[in-house]
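Below, each chain spelled out in residue letters.
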Amino acid sequence: MDEILINGGKRLCGDVRISGAKNSALPILASTILGGGECIITNVPRVVDVLTMGKLLGILGVKVSHEGNRAVIHAGTIESTEAPYDLVKTMRASVLVLGPLLARWGEAKVSLPGGCAIGSRPINLHLAGLAKLGADISIDQGYVTAKAARLKGGRIYCDTPTVTGTENLMMAASLAEGTTVLENAAKEPEIVDLADFLVKRGARIHGAGTDVITVEGVRELHGGDHEVIPDRIEAGTYLAAAAITRGDVTATHCRPNHLEAVLMKLREAGAEIQEEKDSVRLTMPKNLRGTDVRTLPFPGFPTDMQAQMAALMSLAEGTSVVTETVFESRFMHVEELRRMGADIRVEGNRLVVTGCKKLTGAPVMASDLRASAGLIVAGLAAEGTTQIQRVYHLDRGYERIEEKLGVLGAYIRRRPAGASH
Ligand code: EPU
């Protein structure tokens, strides 16, 4: 297992090119199951989760070839309708094949994902929605099986907006007989990106990006080309890294309008931010100031930026309150940040972060993807060496992170764990 070593304290300066969004690429790849034509997807980030989705599609019998950031996919026939436990346990987003398999092939058997480091993450709303479309759902020996000769459109209300749930239901409804209305749908840009791709392939979807999505089912989808949108969380992570090092960084190839809540909070924290059409430049003319943050579904502040913001606030003047409302226990980074000298108190779903003068490098353990990103942000500003273990979490969602940070001037390197040089 690799680890990442950072010698903190270096000001980050320069341009960083933002990769395609992992959380868009995953549903887009899964959606190729919905039709037999060739799909060419570009700006696909080469991160482990995307490779895992490719592997899963391969097991199902879909032809996938990756070349750099381009994937060519052909889902003419299928060999299996089962997503096995061994893959699903490594990536919860595997559940995204449930809707497409069921809608196109009449059945799907998907392992239930099990525990997660950021809290209980049930898929009850995915299942309730599919049942509303007429699927017969059963759970046996850790697997959920869904069957339906052909799904029928219906009215679905989601108790809570769910990103992958909305994606699963939108994909399933695309091939259903009749019209589906999805209420209290999630509004994340990744949902709009998926809808855009499905529409290019013949789906009839209206309202993606609002909380009511209407899908008129069609018999089949054809192939299509698509460029994945930029990763707003990756962009936010580099901007947080720029802020904590008082740097001057421009995130290029990104969409500032997907980042509004994050940019507003960074401004409140003292950053000066210039937004162009597809880039954001951050400088830090003032001292870092404490600011309160509350995570919410889009367009609110993303839970996927909470750990990076907590790291940033730990060096800000004053006290900040960071409230997590999306996941029940997404605070695994806190103990690790404390080991670096951060003054953070956990009170239920809130962090009370009292800014301190400095952080010091320490060996720390990554527990999930965004927790790792928070530790990287902290390590970049800490005195001495931060040694981040279990880097495989980071590799799930950040493309060439040490290379990109290195270009910005960070002292960062990767080595096999246990190596002494
Ligand atoms: N929820 C339910 N029942 C369901 C589905 C969700 O109660 O059937 C609850 C969850 O427990 C949670 C809330 O609804 O409290 C929202 O969860 P959501 O379903 O929206 O999360 P997700 O679809 O599993 C996606 C991203 C996550 C991101 C969340 C929130 C993908 C592949 N994953 O997860 O990304 O944190 O939305 O924005 O899109 C990451 O990239 O590190 C990551 C975890």
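Residues numbered from 1 in each chain as written. Predicted model: local features only at pLDDT ≥ 70, side-chain atom pairs only at ≥ 80, totals over all residues. Heavy atoms only, no water.

Brief notes about the site of the ligand
Taken together, 22 residues form the shell around the ligand, and within it Asn124, Thr162, Thr164, Asp304 and Val326 come nearest. Here Leu125 contributes a backbone N or O atom positioned 2.7 Å from an oxygen atom of the ligand. For the ligand, whose unbound accessible area comes to 830 Å², protein coverage reaches 86%. Elements with a minimum of two residues in the shell around the ligand: helix H1 (22-31), helix H5 (124-132), helix H6 (163-174) and helix H12 (369-381). For the shell around the ligand, the element with the most residues is H5, which contributes three residues. The residue inventory of the shell around the ligand, partitioned by class, reads nine nonpolar, eight polar and five charged. (Near = heavy atom within 4 Å. Polar contact = N/O pair within 3.5 Å; in protein donor to acceptor, adjacent residues only side chain to side chain. Areas by Shrake-Rupley, 256 points an atom, 1.4 Å probe, with all protein chains shown as cover. Helix = DSSP H or I, 4+ residues; strand = E, 2+ residues; numbered from the N terminus. Nonpolar A, V, L, I, M, F, W, Y, C, P; charged D, E, K, R; others polar.)

A look at the packing of aromatic side chains
The description of two aromatic rings rests on the distance between their centres and on the angle between their planes. By the definition in use, this model includes zero aromatic pairs. Note that Lys10 overlies the ring of Tyr411, its terminal NZ or CZ placed 5.5 Å from the centroid. Over the face of the ring belonging to Tyr143 we find Lys109, whose NZ or CZ atom lies 5.0 Å from the ring centre. (Phe/Tyr/Trp six-rings, centres within 6.5 Å; stacked < 30°, edge-to-face > 60°. Lys NZ or Arg CZ within 6 Å of the ring centre and 35° of its normal.)

Regarding the pattern of salt bridges
For the coordinates displayed, the defined rule picks out 20 salt bridges. The salt bridge partner of Asp86 is Lys89, with a shortest N-O separation of 3.5 Å. When its relative accessible area of 53% is taken as the criterion, Asp86 is described as exposed. Overall, Lys89 belongs to the partly exposed group, its relative accessible area being 46%. Glu335 is the partner of Arg338 in a salt bridge, and the nearest nitrogen-oxygen pair spans 2.4 Å. With Arg338 and Glu335 both in helix H11 (residues 332-339) and three residues apart, this pair spans about one turn of that helix. Assessed through its relative accessible area of 31%, Arg338 is described here as partly exposed. Glu335 gets classed as partly exposed once you look at its relative accessible area, which sits at 45%. (Salt bridge = Lys/Arg side-chain N within 4 Å of Asp/Glu carboxyl O. Buried < 20%, exposed > 50% of the residue type's maximum accessible area, 1.4 Å probe, protein only.)

Digging into unusual backbone geometry
The residue after Phe298, namely Pro299, is reached through a cis peptide bond having omega 10°. Within the element layout of this structure, Pro299 appears in the loop between strand E18 (293-294) and helix H10 (306-313). Phi at Arg400 takes a positive value of approximately 45°, unusual for a residue other than glycine. Structurally, Arg400 is set in the loop between helix H13 (392-395) and helix H14 (401-407). A relative accessible area of 43% places Arg400 in the partly exposed class.

These figures capture arrangement, not role.
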